[in-house]
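Understanding the architecture of this molecule
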Amino acid sequence: MGFILLDQFTLAAFGGLIDALRLAADHGGRSRQIHASWAVMSLDGTPRRASCGVVISDASPLLAPTQFDYIAVCGGNDYLNEHHPPALLDYLRAVAEAGVRLIGVCTGTFAIAQAGLARKRTVCIHWNVLEAFQSQFPNLRPVTDKLFVDEGDLLSCAGSTAAIDLGLYLITRHCGASKANQAVRHMMLQGMRPSSLPQPHFFADLAHVADARVHQAVHFMEQRLDDPPSVDAIARYVGCSGRQLERAFNAALGVAPAAFQRQLRKDYACWMLENSPRTITEIAFDCGFSDAAHFSREFRNAFGVSPRQYRAGQRGSTVAPASAPAGEGMPEPRPV
């Protein structure tokens, strides 16, 4: 596998994927490239700085694509760059023409899409950059309900720890399950997550909302589900007064910011109850509730059943938040 590092690449995604290969390639973590091999590249072989500030200085220039079975493009905080160097895009096109499979790691998929290589394919995007991807590539099909997607000649991965799961998936394919399990044990994981596992997040569909303040405010809420900020703090983040934010939310969504935030947290709790082994108390704290009793009261008021009943498969009828009249305004957060 060849790795192309883009500016501000995400270290966790790159490190997770390459380390999964390393641990499967040899016995005892000795790192010899026996069962798998890799090379780290950058355009012109120049150093690349990760989004956290770590610099990879020993990178090769772009090597002949035919040396590889896969070439992984590792992106990160550069995803707003709509004009990657022509030499990089030409190289990616040459990779595809040579029949070498491409992997978009984290926002590396943006560069692959810029090269025109994602047409008619479904690509996996991290929920945090979905809006930016849709804006740049309105005719493509991004999904955020998976950890990674394999389209045959193009694989794409949400990034972060999902890159480890993608690596284990490829190791299983080419080296066998025993090598993948060897990497799992070394990395102290409980197993490989399937590609179909939803990314653990809820987001609201705001495609019809034009007010940038509402988009910024909702994004801030999503980042702080476990520690909900006050409406005044959200307003300061957006750069307006609390009263202005209230008016903006009511005009765009028909609901107050506080009610919208509560609904996000409750729907995230539903996802956790369905997909996480964590206890009810742990989920309560993860979703920003003061204790399990507070969480249970709010959850029952919203969904008609207790968290424990919901986890057991009992589903009540969803109750609209008190400040949002039923059927009006509030977009329903959806699992992704």
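Residues numbered from 1 in each chain as written. Predicted model: local features only at pLDDT ≥ 70, side-chain atom pairs only at ≥ 80, totals over all residues. Heavy atoms only, no water.

1. Observations concerning the overall build of the protein
Applicable threshold: To qualify as a helix, a DSSP run of H or I must reach at least 4 residues; to qualify as a strand, a run of E must reach at least 2; elements of each kind are numbered from the N terminus. All radius of gyration figures rest on C-alpha atoms, and the globule criterion is 2.2 Å times the number of residues raised to 0.38. When a residue's accessible area, from a 1.4 Å probe over protein chains only, is under 20% of the maximum for its type it is buried; when over 50% it is exposed; and in between it is partly exposed. In this description, contact between two residues means that some pair of their heavy atoms is separated by no more than 4.5 Å. His residues and chain termini do not enter the charge count, which takes Lys and Arg as positive and Asp and Glu as negative. In this description, the location of a charge corresponds to atom NZ of lysine, CZ of arginine, CG of aspartate or CD of glutamate.
Helix and strand counts for the protein come out as 13 helices and twelve strands. Rg of the C-alpha trace for the protein: 22 Å, near the compact-globule value of 20 Å for 336 residues, within the 12% margin. By principal-axis analysis of the C-alpha atoms, the protein measures approximately 60 × 40 × 35 Å. Taking all 336 residues of the protein together, 50% fall into the buried category. At a minimum sequence separation of 6, the contacts of the protein that also span at least 24 residues come to 64%. If the 31 positive side-chain charges of the protein are averaged to one point and the 31 negative ones to another, these points end up 4 Å apart.

2. As for the packing of aromatic side chains
Quick reminder of the rule: A pair of Phe, Tyr and Trp rings is counted when the ring centres sit within 6.5 Å of each other, with Trp represented by its six-membered ring. The angle between the planes then sorts it: under 30 degrees is stacked, over 60 is edge-to-face, the rest tilted.
Within this structure, the stated rule accounts for 14 aromatic pairs. Judged by centre distance (5.8 Å) and plane angle (55°), the rings of Y79 and F110 are tilted. Here Y79 is found in the loop between β5 (70-74) and α2 (86-97), whereas its partner F110 is found in helix α3 (residues 108-114), with 31 residues between them in sequence. For F110, a relative accessible area of 1% puts it in the buried group. Between the aromatic rings of F299 and F303, the centroid separation amounts to 4.8 Å while the plane-to-plane angle is 50°, which identifies the pairing as tilted. Here F299 and its partner F303 are both found in helix α12 (residues 292-303), four residues apart, which amounts to about one turn of the helix.

3. Some details on helix α8 (residues 231-238)
To be explicit about the condition: Comment: arc refers to directions from the helix axis out to C-beta atoms.
Listing the buried residues of α8 in full gives V231, I234, A235 and V238. The arc enclosing the buried residues of α8, seen along the axis, measures out at 100°, which places them on a common side. Where α8 is buried, its residues touch α7 (212-223), α9 (242-253) and α10 (257-275). Among the residues trailing α8, G239 stands out with phi positive, at a value near 95°.

4. Focus on unusual backbone geometry
Generally, phi is negative for residues other than glycine and the peptide bonds are trans, each holding for most cases. Phi at S31 takes a positive value of approximately 75°, unusual for a residue other than glycine. Examined against the element boundaries, S31 turns out to sit in the loop between α1 (11-25) and β2 (39-41). Overall, the relative accessible area of 29% leaves S31 in the partly exposed class. The backbone phi angle of C106 is positive, close to 55°, even though this residue is not glycine. The residue C106 is located in the loop between β6 (101-105) and α3 in this model. A relative accessible area of 13% places C106 in the buried class.

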